[in-house]
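Fold and geometry: a report
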Amino acid sequence: MEAARRGGLSSGFVPTMGALHEGHRKLIQAARHECDWLAVSIFVNPTQFGPEEDFDTYPRDLDSDLAMCRQLGVDLVFQPGRDEVYPATHRTFVEVETVTSHLCGRFRPGHFRGVATVVLKLLNILQPDRAYFGEKDAQQTVVVRQLVKDLNLPVDIRQVPTVREFDGLAISSRNQHLGPQERRAATVLFRALKEIRTMVLQGARDAGRIRRRGLRLLSQEPLVEVEYLEMVDPETMQPISQVRGPARAAAAIRVGGVRLIDNLLCEDAGR
Ligand code: AMP
């Protein structure tokens with residue numbers, strides 16, 4: 001990226017864990033559109049997985065990832081080994097406070113510590129002008145923005161809208177682990193979020209009532225187990241009791257053994 005900068009070119013970076021899909025494609029295309037030089041990283045980051053989580057079974061498909069990167073005109077695919085990122089001598093981890101205290105931060109202890117650490121390392125290694133993250137992981141973007149602000153990192157963080165399947169399910173590498181019945185059941189997540197957004201657009205303000213309506217919808221699907229469903233402030237990721245401005249409805253569910261997350265910005269244009 002240094003060479004790009006020296007030549008007066010702008011550089012972009014899309015961090016991923018591989019098993020690239022249409023969501024990643026959108027990020028890479030956005031970056032390709034805005035930057036002269038583009039790097040994509042593929043690294044299944046062990047430190048963001050808990051001991052009981054799916055690090056070992058996380059989907060990996062390097063050949064198809066490289067084909068997509070080639071097709072999209074990526075200049076560099078950075079695919080470090082585990083020991084390169086975390087040599088035996090590695091001692092430093094980054095904790096981003098407050099914005100990690102709810103939602104996935106609450107249910108995946110240590111997850112954002114792993115995310116913040118690896119993102120900081122990748123940004124330091126690649127030194128891009130811009131880095132691209134998906135709205136599907138909205139809390140992650142907030143965490144990364146906080147990290148960048150607090151540690152004075154010279155990078156512009158861009159967020160790209162969530163890419164969905166035809167029936168609204170947010171595309172995720174983990175979707176391939178859903179059986180046909182689970183796949184059908186999983187669509188309730190986006191339906192519940194859309195219902196919440198409609199309530200807000202129609203003037204609902206009581207976050208407790210809005211949340212209960214969403215939970216009721218989710219509970220109609222017997223294969224679904226709810227981890228959380230919250231209305232939060234989109235800037236701070238803290239739960240709110242009243243909708244007074246833009247709010248984000250965010251949820252995590254389990255369908256079979258698969259954990260899925262999604263969120264939707266609820267903005268009342270007339271407010
Ligand atoms: P992952 O490989 O799952 O760590 O994701 C890498 C990046 O792609 C993250 O910034 C994600 O938010 C983003 N991403 C994953 N799925 C989607 C999606 N369906 N739409 C948009 N961005 C996504």
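Procedures and definitions
- Residues numbered from 1 in each chain as written.
- Predicted model: local features only at pLDDT ≥ 70, side-chain atom pairs only at ≥ 80, totals over all residues.
- Heavy atoms only, no water.
- Disulfide = S-S within 2.5 Å.
- Buried < 20%, exposed > 50% of the residue type's maximum accessible area, 1.4 Å probe, protein only.
- Near = heavy atom within 4 Å.
- Polar contact = N/O pair within 3.5 Å; in protein donor to acceptor, adjacent residues only side chain to side chain.
- Areas by Shrake-Rupley, 256 points an atom, 1.4 Å probe, with all protein chains shown as cover.
- 1 Å grid on protein atoms, 1.4 Å probe; cavity = no way out; pocket = protein on both sides within 12 Å on 5 of 7 lines; lining within 4 Å.
- Sits in = over half its atoms within 2 Å of the grid points.
- Helix = DSSP H or I, 4+ residues; strand = E, 2+ residues; numbered from the N terminus.
- Contact = heavy atoms within 4.5 Å.
- Pairing = 2+ DSSP bridges.
- Axes fitted to C-alpha atoms, helices over the stretch in contact; angles between N-to-C directions.
- Phe/Tyr/Trp six-rings, centres within 6.5 Å; stacked < 30°, edge-to-face > 60°.

Description of the state of the cysteines
The final tally for this structure, using the stated rule, is zero disulfides. Cys35 forms no disulfide, and the closest cysteine sulfur to it belongs to Cys69, at a distance of 15 Å. Assessed through its relative accessible area of 4%, Cys35 is described here as buried. Cys104 supplies the cysteine sulfur nearest to Cys266, a cysteine that is in no disulfide, at a spacing of 17 Å.

Some remarks on the site of the ligand
Close to the ligand lie 17 residues; Met17, His24, Asp137, Val163 and Ile171 are nearest. At 2.9 Å from a nitrogen atom of the ligand is found a main-chain nitrogen or oxygen belonging to Val163. In this structure, Ile171 approaches the ligand through a main-chain N or O atom, which is 2.8 Å from a nitrogen atom. Coverage of the ligand by the protein amounts to 93% of the 490 Å² it exposes when considered alone. With respect to the detected pockets, the ligand is housed in the largest cavity. Of all the elements in the fold, those that place two or more residues in the shell around the ligand are β1 (11-16), α2 (22-34) and β4 (130-134).

Structural notes on the environment of Phe55
Checked against the element boundaries, Phe55 lands in the loop between β2 (37-42) and α3 (62-71). Separated by 94 residues in sequence, Phe55 and Lys149 have C-alpha atoms that sit 29 Å apart. If we skip the residues at most four places from it in the chain, Phe55 touches Val44, Asn45, Pro46, Phe49, Arg60 and Arg82.

Some remarks on the sheet that holds β1
Taken together, the five strands give an open sheet; going across it, the order is β3-β2-β1-β4-β5, and neighbouring strands pair in parallel fashion. The open sheet terminates on both sides in strands that have one partner only, identified here as β3 (76-78) and β5 (156-160). If you compare each strand with its neighbour and ignore which way they point, the axes differ by 25° on average. The pairing of β4 with β5 spans five bridges and is parallel. Directly across from Arg130, in β5, lies its bridge partner Asp156. Against the sheet, helix α7 (residues 138-150) touches β4 and β5, its axis set at about 170° to β5.

With respect to the side chain of Ser41
For Ser41, the position within the fold is in strand β2. Discounting residues that sit within four places of it in the chain, Ser41 has contacts with Phe13, Val14, Pro15, Thr16, Phe78 and Leu122.

Details of the packing of aromatic side chains
For any pair of aromatic rings, the description rests on two quantities: the centre-to-centre distance and the angle between the ring planes. The final tally for this structure, using the stated rule, is five aromatic pairs. Summarising the aromatic geometry, the rings of Phe43 and Tyr86 are spaced 6.3 Å apart at their centres and angled 40° between planes, so their arrangement reads as tilted. Placement of the pair is Phe43 in the loop between β2 and α3 and Tyr86 in the loop between α4 (82-85) and α5 (104-107), with a sequence separation of 43 residues. Here Phe43 and Tyr86 have matching classes, each one buried. For the ring pair Tyr86 and Phe93, a centre distance of 6.5 Å and an interplane angle of 15° mean the geometry is stacked. For Tyr86, a relative accessible area of 12% translates into the label buried.

Remember that the coordinates give geometry; whether it matters functionally is a separate question.
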